[in-house]
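An overview of the molecular structure
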Amino acid sequence: KRIILVFDFFTERIKHYNFPSNVSEIQTLCQNEGKFWITTEDKKIYIWELGQAKAYEAAIFPDSVELFYHEKIWFAKSFIDKNILWLFPTFTDTILKYNILTNEFETLEIEGEQESAATLKEDFSNGRCMAAKYSIVQKYDNKVFFLSSKTRIFYELNLEDNLICRHILKVNNIYNNQ
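Thoughts on the overall build of the chain
- When its secondary structure is counted, the chain shows one helix and 14 strands.
- Each of the 178 residues in the chain was classed as buried or not, and the buried ones make up 40%.

Quick word on the pattern of salt bridges
- For the structure shown, the criterion picks out eight salt bridges.
- Between glutamate 57 and lysine 44 there is a salt bridge; the shortest N-O distance is 3.4 Å. Remark: lysine 44 occurs in strand E5 (residues 44-49) and glutamate 57 occurs in strand E6 (residues 56-60); sequence separation between them is 13 residues.
- Residues aspartate 81 and lysine 82 are paired through a salt bridge, measuring 3.7 Å at the closest nitrogen-oxygen approach.
- Within this structure, Asp81, Lys82, Lys139 and Glu160 form a network of salt bridges that share partners.

Brief notes about unusual backbone geometry
- Of note in this structure, glutamate 12 is not a glycine but carries a positive phi near 55°.
- Its identity as a non-glycine residue notwithstanding, arginine 152 has a phi of 60°, on the positive side.
- Tracing the backbone through its elements, the reader meets arginine 152 in the loop between strand E12 (143-148) and strand E13 (153-158).

Considering the sheet that holds E6
- On the basis of which strands lie adjacent, the open sheet formed by four strands has the order E3-E4-E5-E6 and antiparallel pairing. Unpaired on one side and paired on the other, strand E3 (26-32) and E6 mark the two borders of the sheet. This sheet shows a mean twist of 25° between the axes of neighbouring strands, independent of strand direction.
- In terms of strand pairing, E3 meets strand E4 (residues 35-40) through six bridges, oriented antiparallel. Looking at E4, one finds that cysteine 30 is bridged to tryptophan 37.

Here's the deal with the sheet that holds strand E7 (residues 75-81)
- Pairing is antiparallel in the open sheet, where four strands are placed in the order E7-E8-E9-E10. Edge positions in the sheet fall to E7 and strand E10 (105-108), since each has one partner strand and no second. Averaged over neighbouring strand pairs, the angle between their axes works out to 20° when direction is ignored.
- Judged from the four bridges that link them, strand E9 (residues 95-99) and E10 form a sheet pairing that is antiparallel. Among the inter-strand pairings, leucine 96 is bridged to a residue of E10, identified as threonine 107.

A closer look at the side chain of asparagine 32
- Structurally, asparagine 32 is set in strand E3.
- In this structure, asparagine 32 is in contact with Trp37, Ile80 and Ile100, ignoring residues within four places of it in sequence.

Concerning the nonpolar core
- One finds Trp37, Ile45, Phe61, Phe75, Leu85, Leu87 and Tyr98 to be the most contacted residues of the largest nonpolar core, which totals 16 residues.
- For phenylalanine 61, the residues in contact, after removing those within four places along its chain, are Thr39, Thr40, Lys43, Lys44, Ile45, Trp74, Phe75, Leu87, Leu96 and Phe105.
- With 15 residues, the next largest nonpolar core counts Phe88, Leu108, Phe146 and Leu159 among its residues.

Some points on the pairing of E12
- Strand direction decides the pairing type here: strand E11 (residues 134-140) and E12, joined by five bridges, are antiparallel. Counted as the bridge partner of tyrosine 140 is lysine 143 from E12.
- What sits between the antiparallel neighbours E11 and E12 is a turn of two residues, in which aspartate 141 has the positive phi angle 55°.
- With five bridges joining them, E12 and E13 adopt antiparallel strand pairing. Bridged to phenylalanine 146 within E13 is tyrosine 155.
- Taking the residues between adjacent antiparallel strands as the criterion, E12 and E13 are bridged by four residues, where arginine 152 takes a positive phi near 60°.

About the cut-offs
- Residues numbered from 1 in each chain as written.
- Predicted model: local features only at pLDDT ≥ 70, side-chain atom pairs only at ≥ 80, totals over all residues.
- Heavy atoms only, no water.
- Helix = DSSP H or I, 4+ residues; strand = E, 2+ residues; numbered from the N terminus.
- Buried < 20%, exposed > 50% of the residue type's maximum accessible area, 1.4 Å probe, protein only.
- Salt bridge = Lys/Arg side-chain N within 4 Å of Asp/Glu carboxyl O.
- Pairing = 2+ DSSP bridges.
- Axes fitted to C-alpha atoms, helices over the stretch in contact; angles between N-to-C directions.
- Contact = heavy atoms within 4.5 Å.
- Core = buried A, V, L, I, M, F, W, Y, C linked by side-chain atoms within 4.5 Å.

Structural data, given as structure tokens:
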């Protein structure tokens, strides 16, 4: 039996709920206005309300979103900001935005961050330390900060206007001195 534990900060109590039976292989989970938004390995986005036996299938990722690695791990981080479900990739080549009101997708591509299985193999031989696209994805106020494993650039994304600022950092791969 799969359950989810929810901690209530006001009452300082933990409640458990049965997880929806129709959702498996969860990749991301975030909450917005009492609803959980779930992404899965089968390219779907579900909405689930606590206490409901099943989750509602909201959308399927567009065909333009492709995996560049052999695993079916599409996204690693999700959150909702102003009715946009933001999905930050693990093994896809783009950030995906899903408008929860209009059910429309939009991609946010960053120059120099394009991926493929061939470039990944080449990047590993040139000192790339991990396959996952972005790590340390953290939202703070109206900005998101994330580190690219491909370019070793620390990005700052403004959620108001989608402008991206690049912070060039010296990131060394201690395993092969690069």
